[in-house]
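The chain contents come next:
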Amino acid sequence: MQILSNATVAAMGDSSPAAAGGASQGYGLVERAAVAIEDGRIAWVGAEADIPADYAGAARQDLGGRLVTPGLIDCHTHVVFGGDRAREFEMRLEGASYEEIARAGGGILSSVRETRAADEEALLASALRRVDTLLSEGVTTLEIKSGYGLDIDSELKMLRVARRIGEARRVTVKTTWLAAHAVPPEYRDDRQGYIRDVVIAGMERGHAEGLIDAVDGFCEGIAFSREEMAAIFDRAAGLGLPVKLHAEQLSDLGGAAMAARHGALSADHLEHLGQDGVDAMAESGTVAVLLPGAFYTLRETHYPPVQALRDAGVAIALATDCNPGTSPLTSILLTMNMGATLFRMTPAECLAAVTRNAARALRLPDRGRIAPGLRADLAIWDVRHPAELTYRIGFNPLHARVVGGELV
């Protein structure tokens, strides 16, 4: 056993009536606190003066008054990809819309060409540079999607690389099958063939190979319809795979409500989410994952309905959406600041959004809070109050990570 002592702990517990994400939710602060860790789990947390007597012989590490939070969780990323899309960034600034770029063969399809051409080693090397930046800001759990291969072999290649990231670095990686991201050129005139031959057939193969933790899709006018995604989700359910959905980013197609009816872990983006979608998500417990990096990069002006989500008790998470086109963002701390400045979330909501609620979005009940019995994934910060993590811009106060009980 080891004890981290002389700390301020933000436990991020669920005790508040607004624990699902409401504006009044606090940090669960414990001043002059200690955390006892044993066998990779949190054994005890509380005021240092109340450390149990039978812990007297445990090794102690004095944290000098530093802040301890749960390890941060980035619950929506596309961090494995080939190439970049800097030229498209210029095109958007010159007036081209996201839809115009996509319909001209750019957007996702340009990343597909680069990703198909890259081997696993090249994809791993480039992804690790992005992942290391995230880890340096306190991330201990990371979701990684496929979606830039759009053929079975390339999609599975991406997920193999994602699994290797979890082996190469001290971070938990959860993988998501996102073949329903776009229709590749070779299937332009056969959408149903693509869904049958690649999305579903590849999902079945990837599941058999143990490469898929969840299934996702892009429900939008430039991507897949609500009905097409429902059929994909039905097959995922048959395989026992949980689902999530890119929904209501550019228009309201009712994707979030459909995903909620399928028991989705999360619906993500949600700028155009209507009240019917909010209500469906509240009923199903589907987490709202907001992605301010894409909102910022695309210079959107239609805001996700944060107050409606609060009022309905829908848990709100934040994530980087790290991807080469619409959110080339590798800072979870900046994501928190964007959640506050762009979406008017409180600093307490922002921290809950990348800890407790992000854990819910990945169905990981063993983390995201500091409580006995949970996995000892922690972040130690050179700050006195957790609001500083959201308040600062371009400043990284991380002192250390604790991953599975081990100081990294």
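Anything mentioned here points back to the structure above.
What counts, and at which threshold
Residues numbered from 1 in each chain as written. Predicted model: local features only at pLDDT ≥ 70, side-chain atom pairs only at ≥ 80, totals over all residues. Heavy atoms only, no water. Pairing = 2+ DSSP bridges. Helix = DSSP H or I, 4+ residues; strand = E, 2+ residues; numbered from the N terminus. Axes fitted to C-alpha atoms, helices over the stretch in contact; angles between N-to-C directions. Core = buried A, V, L, I, M, F, W, Y, C linked by side-chain atoms within 4.5 Å. Buried < 20%, exposed > 50% of the residue type's maximum accessible area, 1.4 Å probe, protein only. Contact = heavy atoms within 4.5 Å. Disulfide = S-S within 2.5 Å. Salt bridge = Lys/Arg side-chain N within 4 Å of Asp/Glu carboxyl O. 1 Å grid on protein atoms, 1.4 Å probe; cavity = no way out; pocket = protein on both sides within 12 Å on 5 of 7 lines; lining within 4 Å. Points joined across faces, edges and corners; volume = space filled by probe spheres on them. Right-handed = clockwise from strand over helix to strand, strands pointing away.

Trainee: Help me get a handle on the sheet that holds strand 13 (residues 316-318), residues and values and all.
Mentor: With respect to topology, eight strands assemble into an open sheet ordered 6-7-8-9-10-11-12-13, the strand pairing being parallel. What marks the edges here is a single partner per strand, and that holds for strand 6 (72-74) and strand 13. Neighbouring strand axes in the sheet, compared pairwise and without regard to direction, differ in orientation by 25° on average. Examined bridge by bridge, strand 11 (residues 266-269) and strand 12 (residues 287-290) share three bridges and lie parallel to one another. Across the sheet, residue A267 finds its bridge partner in strand 12, namely A288.

Trainee: Give a detailed account of the nonpolar core, specifying residues and quantitative values.
Mentor: The biggest cluster of nonpolar side chains holds 100 residues, and the ones touching the most others in it are I165 and M203. Excluding residues within four positions of it along the chain, M203 makes contact with W177, V198, I212, V215, I232, R235, A236, L239 and L241.

Trainee: Can you explain the state of the cysteines? Please cite residues and give values.
Mentor: One pass over the full model with this rule turns up zero disulfides. Left unpaired, C219 is separated from the closest cysteine sulfur, that of C75, by 19 Å. Overall, C219 belongs to the buried group, its relative accessible area being 1%. C75 supplies the cysteine sulfur nearest to C350, a cysteine that is in no disulfide, at a spacing of 13 Å.

Trainee: Pulling in residues and values, what's your account of the pattern of salt bridges?
Mentor: When the charged atoms of two side chains lie near each other, side chains of opposite charge can form a pair. Taken as a whole and judged by the stated rule, the model has 27 salt bridges. Here R160 ties to E120 by a salt bridge, and the two come within 2.8 Å at their closest N and O atoms. Of this pair, R160 sits in helix 5 (residues 152-168) while E120 sits in helix 4 (residues 120-135), and the two are 40 residues apart along the sequence. Since its relative accessible area comes to 29%, R160 is described here as partly exposed. Beyond isolated ion pairs, a larger network of salt bridges with shared partners links E120, E121, R160 and R164.

Trainee: Explain unusual backbone geometry residue by residue, including any values.
Mentor: With phi around 55°, M12 is a residue other than glycine that occupies positive phi space. Looking at where M12 falls in the secondary structure, it is placed in the loop between strand 1 (2-10) and strand 2 (29-38). Look at M12 and you get buried, because its relative accessible area is 0%. Phi angles above zero are rare outside glycine, and D321 is one such case at about 55°. Within the secondary structure, D321 is located in the loop between strand 13 and helix 12 (332-341).

Trainee: So what's going on with the layout of surface pockets? Residues and values would help.
Mentor: By volume, the second largest pocket is sized at about 190 Å³. Together, 15 residues line the second largest pocket, and R85, N323, P324, G325 and P328 are the ones closest to its centre. In terms of residues, the lining of the second largest pocket owes the most to one element, helix 1 (residues 86-93), which gives three residues.

Trainee: Give a description of the pairing of strand 12 that names residues and reports values.
Mentor: The alternating pattern of strand 12 places V287 and V289 on one face and A288 and L290 on the opposite face, and all of these are buried. A crossover links strand 11 with its parallel partner strand 12, the connecting element being helix 9 (residues 275-284), and its sense is right-handed. With three bridges joining them, strand 12 and strand 13 adopt parallel strand pairing. Note that in strand 13 the partner of V289 across the bridge is A317.

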